Amino acid sequence: MQPELLKKITCVRLPGKQPSELWDITIKEGRVASIEPHKQAANEPSQADILNGRNRLITPSLCHAHIHLDKCFLLQDPKYEDLQIESGDFKEAMEMTSTAKARFEEEDLMRRGGQLIEESIQHGVTAMRAFVEVDGVVQLKCLDAGLKLKQKYKDRCDIQICAFAQLPLFSGDDDGREVRKLMEAAASNKDVEVLGSTPYVEDDENKSKDNVNYISTLALASGKYLDLHLDYWLEEQKQPLVWDVLKIIKDHEWTENGGKQITLGHCTRLTRFKEKEWAQLKQEIGDFAVSFVGLPTSDLFMMRTLENVRGTLPVLELIQRYGFNAAIAINNVGNAFTPHGNCDPLIIAQLGVGLYQAPTKEDVQMLYEVVSSRAKAAIGREYNSIDLEPGAPADFVLFDSMDSGWRCRKSIAEVVYDAGSTRQTVYQGRISTAKS
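Summarised in this report is the structure supplied together with it. (Residues numbered from 1 in each chain as written. Predicted model: local features only at pLDDT ≥ 70, side-chain atom pairs only at ≥ 80, totals over all residues. Heavy atoms only, no water.)

In space, the four strands of this open sheet follow the order S3-S2-S1-S4, with mixed pairing throughout. Two strands bound the open sheet, and with one partner strand each, they are strand S3 (31-37) and strand S4 (50-52). Between one strand axis and the next, the sheet turns through 15° on average, direction left out of account. Here three bridges tie strand S1 (residues 8-12) to strand S2 (residues 23-28), and the two strands are oriented antiparallel to one another. Looking at the pairing, Val 12 lines up with Trp 23 of S2. (Pairing = 2+ DSSP bridges. Helix = DSSP H or I, 4+ residues; strand = E, 2+ residues; numbered from the N terminus. Axes fitted to C-alpha atoms, helices over the stretch in contact; angles between N-to-C directions.)

Laid out in structure tokens, this is it:
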């Protein structure tokens, strides 16, 4: 049953305003119609289409710019309890996941994926790019489950499905032919919005370039967004593929041919860039709609050299110093690639305070944006800014309970430092979570 459309949210605190000031937000057809100072009405009747915010802070809703829907909670699910981490490296994670995928069935894909979506909504998420794998083991099983979940939750969350080739497209026993055939079938589905691949899993550099050329050609021809897991290593002697990716995109005349936004995830090798290389990358990207998504929890856990050098994209620096489009995201929840963490994007923002040494008011606002408005922009979705301007989508999260007292969050900074566990989510002007 679809939640009732709200006409107004009253008595809320707004980001950037004085904590003592309370405001009313009028909603029309799922969008912000107006924002006005709150006026207490005598004997104001209780109405189903009016949400009394009770002095709580309201902010733009959150977004998973990069999350794997089919591989979540494998370490917790009794069905996979024999698959536990022993070495904690990338090779083991790939092998464990491959073993698990051989057991995937619609029931547990729907159950685990539904749990991830429910928990995400509870944390304030109203949009996500959800990766589902397509290969010879699972065939289109994960994709079919993902599309069913997208439909099931369409009134509570915008789920953007990415058909994802984790395995090689040009290496292996059949040179990737089966995966390519399945990806072409996925690309023909109108409900699949994104195509993605992992060029670094190919046998050599030339096949990695073939991977990029193939998947980008398919995305362009089918009118899909393109999302690449790219340059997932740290060794300086191994050159990044990002330069070849940009050349391939240019050779496709991407913009002229109506190509959609391109998102590059991980990119840990780029953490070894010097200022000259960042400047060159910015110049090479030019007017292309390219966004970077850092995945700190996975990157820091998986990516380390023999000298124990670790790295993840310096997302705040990319935005503030070089002017890139960038976001941060969770990537995995409860599997061998990322055993720690949960479905709350603000956990990643909180990590960013220490990771990027970013404690100031300006820093923490940016940390909120990279899991909210900038995360939505990174996946090509409409968003509302911190200022919650009229005309923007009515997608919000309210923090704390009705009676949190002095401990309630009154600013973006307090939310990023410690978001608490009680929230209420509004999607397209409708309440997506139970009233708190």
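Take Tyr 232: it is sitting in the loop between strand S10 (225-230) and helix H6 (242-251). Using a relative accessible area of 7% as the deciding quantity, one classes Tyr 232 as buried. In sequence terms Tyr 232 and His 266 are 34 residues apart; their C-alpha atoms lie 6.1 Å from each other. Setting aside chain neighbours within four positions, we find Tyr 232 in contact with Phe 90, Tyr 200, His 266, Thr 268, Ser 298, Asp 299, Met 302 and Met 303. (Buried < 20%, exposed > 50% of the residue type's maximum accessible area, 1.4 Å probe, protein only. Contact = heavy atoms within 4.5 Å.)

Counting 110 residues, the largest nonpolar core has Leu 116, Met 183, Leu 281, Phe 292 and Tyr 368 as its most contacted members. Taken together, domain 1 (8-61 + 386-431) and domain 2 (70-379) each give at least three residues to this core, which thus spans both. If near-sequence neighbours (up to four positions away) are discounted, Phe 292 is found in contact with Leu 264, Cys 267, Leu 270, Leu 281, Ile 285, Leu 313, Leu 318, Phe 324, Asn 325, Ala 326 and Ala 327. In this structure, Ile 9, Ile 27, Val 32 and Ile 58 belong to the second largest nonpolar core, which totals 16 residues. (Core = buried A, V, L, I, M, F, W, Y, C linked by side-chain atoms within 4.5 Å. Domains from an automatic or database assignment.)

Between helix H2 (residues 106-123) and helix H3 (residues 141-152), the least distance of the axes is 9 Å, while the angle of their chain directions is 45°. Classified by the angle between their axes, H2 and H3 sit oblique to one another. In the packing of H2 onto H3, the handedness of the crossing is right-handed. Contacts between H2 and H3 involve Glu 106, Leu 109, Met 110, Gly 113, Gly 114 and Ile 117 from the former and Lys 141, Cys 142, Ala 145, Lys 148 and Leu 149 from the latter. Its residues placed into classes, the contact of H2 with H3 shows six nonpolar, two polar and three charged. (Parallel < 35°, antiparallel > 145°, perpendicular 65-115°, else oblique. Left-handed = near helix turned anticlockwise from the far one by under 90°. Nonpolar A, V, L, I, M, F, W, Y, C, P; charged D, E, K, R; others polar.)

Now for the sheet that holds S10. Taken together, eight strands build an open sheet; the order of strands is S6-S7-S8-S9-S10-S11-S12-S13 and the sheet is parallel. Because the sheet does not close on itself, it has two edges, and the strands there are strand S6 (62-68) and strand S13 (325-328). Averaged over all adjacent pairs, the angle separating strand axes in this sheet is 20°, with direction ignored. Sheet analysis places strand S11 (residues 262-266) next to strand S12 (residues 290-294), joined by four bridges and oriented parallel. Each bridged residue has a counterpart across the sheet, and for Gly 265 the counterpart in S12 is Val 293. Running at roughly 175° to strand S8 (residues 158-165), H3 makes contact with strand S7 (125-133) and S8 of the sheet.

Quick look at helix H10 (residues 345-355) now. Within the span of H10, buried status applies to Pro 345, Leu 346, Ile 348, Ala 349, Gly 352 and Val 353. Down the axis, H10 shows its buried residues gathered within 160° of arc, on one side only. At the exit of H10 stands Gln 357, carrying a positive phi of roughly 50°. (Arc of directions from axis to C-beta.)

Right, let's get into the packing of H10 against helix H11 (residues 361-369). It is at 9 Å that the axes of H10 and H11 come closest, and there the two elements cross at 150°. It follows that H10 is roughly antiparallel to H11 by the angle criterion. Here H10 runs over H11; the crossing is right-handed. Where H10 abuts H11, its residues Leu 346, Ala 349, Gly 352 and Val 353 lie against Val 364, Leu 367 and Tyr 368. When the residues that make up the contact of H10 with H11 are grouped by side-chain class, the tally is six nonpolar, one polar and no charged.

Quick look at the environment of Leu 75 now. If you trace the backbone, Leu 75 turns up in the loop between S6 and helix H1 (90-101). Its relative accessible area of 17% is what places Leu 75 among the buried residues. In the structure, Leu 75 is positioned 121 residues away from Gly 196 in sequence and 25 Å away in space, judged by C-alpha atoms. Residues contacting Leu 75, with those up to four places away along its chain left out, are Leu 83, Gln 84, Ile 85, Met 96, Gly 334, Asn 335, Ala 336 and Pro 339.

What follows is about H6. Listed in full, the buried residues belonging to H6 are Val 242, Val 245, Leu 246, Ile 248 and Ile 249. Down the axis of H6, the sector holding all buried residues measures 160°, keeping them to one side. Of the exposed residues in H6, those oriented more than 90 degrees away from the buried face are Lys 247 and Asp 251. Of the surrounding elements, those touching the buried residues of H6 are helix H5 (205-222), S10, S11 and helix H7 (275-285). Directly after H6, the chain includes Glu 253, whose backbone phi takes a positive value near 50°.

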